[in-house]
Amino acid sequence: LYDEAITKFNVAIQINPRYGDAYFNRGLAYAEKGDFDQAIQDYNKAIELDPGRADAYLNRCSSYADKGNFEYAISDCNKAINIDPGNADAYFNRGLIYFHKNDFDAAISDFDKVIKIVPDLTYGYANRAIVYFFKQEYDKSWEDVHKLEALRYEFEPGFIEFVEDLKKASRREN
């Protein structure tokens with residue numbers, strides 16, 4: 001499926017080498033295949049053709065993060081935020097990267113921004129709850145779990161396990 005898409009984007013690029021969407025979308029296909037180096041090259045070209053493309057910076061951020069290159073990933077999230085300060089996904093991705101770097105306060109700050117931008121978006125609360133858990137701030141973690149319940153968030157198996165761990169660590173049921 002992705003190979004077929006890549007082939008079609010190759011044709012589009014041969015027809016018009018300045019067609020930024022073709023590079024961007026081919027980058028998406030390469031990223032889905034796990035070829036992050038090629039995805040990054042295509043996002044680079046999409047950005048070269050349109051430096052104001054926040055989505056290209058954001059997707060390049062994800063590819064850098066998947067390669068474990070968190071500094072480049074954070075830099076790209078920052079660029080996406082500078083272009084589009086209301087982009088909740090950019091704050092979310094950067095928050096995830098900060099979490100992986102064990103910079104919990106920065107992660108919480110970014111998840112706070114996600115929640116401020118889109119208050120009913122559950123993944124901001126879910127991830128902030130997890131970060132609070134790692135900081136051993138269980139009451140705050142429970143507050144986010146309760147907010148998720150109020151938003152009728154369907155707990156996935158991994159999150160259900162997290163809630164069980166929270167119950168044990170906090171020595172309470174809710």
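Data block above holds the structure.
Overview of the structure.

Cut-offs applied
- Residue indices begin from 1 for each chain and proceed along its sequence in written order.
- Residue-level local features of this predicted model are given only where pLDDT is at least 70; pairs of side-chain atoms are given and counted only at 80 or more, and the full residue set underlies all totals for whole chains, interfaces and linings.
- Side-chain metrics rest on all non-hydrogen atoms present in the structure, leaving aside hydrogens and water.
- Here is the rule: rings of Phe, Tyr and Trp (six-membered ring for Trp) pair when centre to centre is within 6.5 Å. Planes less than 30 degrees apart are stacked, more than 60 are edge-to-face, and the remainder are tilted.
- For the purposes of this entry, the term helix denotes a DSSP run of H or I that reaches at least four residues, the term strand denotes a run of E that reaches at least two, and both are numbered from the N terminus.
- Remark: exposure states derive from per-residue accessible area (1.4 Å probe, protein chains only) relative to the maximum for the residue type, with buried under 20%, exposed over 50%, and partly exposed in between.
- Charges are assigned to positions over rings by a cutoff of 6 Å between ring centre and Lys NZ or Arg CZ, combined with an angular limit of 35 degrees from the ring normal.
- Two residues qualify as a contact provided that any one of their heavy atoms is within 4.5 Å of a heavy atom in the partner residue.
- Within this scheme, the nonpolar core is defined by two criteria: the residues are buried Ala, Val, Leu, Ile, Met, Phe, Trp, Tyr or Cys, and they are joined through side-chain atoms within 4.5 Å.
- Note on geometry: axes are lines fitted to C-alpha atoms, helical ones only across the stretch in contact, with angles between N-to-C directions running from 0 to 180 degrees.
- These descriptions rest on fixed angle ranges, namely under 35 degrees for roughly parallel, over 145 for roughly antiparallel, 65 to 115 for roughly perpendicular, and the rest for oblique.
- In this scheme the handedness of a crossing depends on how the near helix is turned from the far one: anticlockwise by less than a right angle means left-handed, clockwise means right-handed.

## Points about the packing of aromatic side chains
And then number 1: Throughout the structure, instances matching the rule amount to 14 aromatic pairs.
And then number 2: Arranged with centres 5.7 Å apart and planes meeting at 50°, the rings of F92 and F111 form a pair that is tilted. Of the two residues, F92 is situated in helix 6 (residues 88-100) and F111 in helix 7 (residues 104-117); the sequence distance between them amounts to 19 residues.
And then number 3: Taking relative accessible area as the criterion, F111 reaches 1% and is therefore assigned buried.
And then number 4: An aromatic cluster of at least three residues, connected via ring pairs, comprises F99, F104, F133, F134, Y138, Y153, F155, F159 and F162.
And then number 5: The ring of F24 has R53 lying over it, and the distance from NZ or CZ to the ring centre is 4.1 Å.

## Some remarks on the environment of Y125
And then number 1: Structurally, Y125 is set in helix 8 (residues 122-134).
And then number 2: With 20 residues separating them in the primary sequence, Y125 and V145 have C-alpha atoms 7.4 Å apart.
And then number 3: In this structure Y125 touches I115, P119, D144, K147, L148 and L151, once residues within four positions along its chain are discounted.

## Some details on the nonpolar core
And then number 1: Core analysis: the biggest nonpolar cluster contains 40 residues, and A80, I97, A107 and V131 have the highest contact counts within it.
And then number 2: Secondary structure elements with two or more residues in this core: helix 1 (2-15), helix 2 (20-33), helix 3 (36-49), helix 4 (54-66), helix 5 (70-83), helix 6, helix 7 and helix 8.
And then number 3: If we ignore the near neighbours within four places in the chain, the residues touching I97 are C61, A65, F70, A73, I74 and C77.
And then number 4: Formed by 12 residues, the second largest nonpolar core is a distinct cluster that contains A126, L148, V163 and L166.

## Details of the side chain of S141
And then number 1: Mapped onto the elements of the fold, S141 is located in helix 9 (residues 138-150).
And then number 2: Residue S141 is classed as buried on the basis of its relative accessible area of 0%.
And then number 3: Ignoring sequence-local partners within four residues, the contact set of S141 consists of A129, Y132, F133, F162 and L166.

## Remarks on the packing of helix 4 against helix 6
And then number 1: Axis separation between helix 4 and helix 6 bottoms out at 10 Å; the angle between their running directions is 15°. Between helix 4 and helix 6, the crossing angle belongs to the class labelled roughly parallel. Like other packed secondary-structure pairs, helix 4 and helix 6 cross with a definite hand, here left-handed. Of the residues in helix 6, those in contact with L58, C61, S62 and A65 of helix 4 are D89, A90, N93 and I97.

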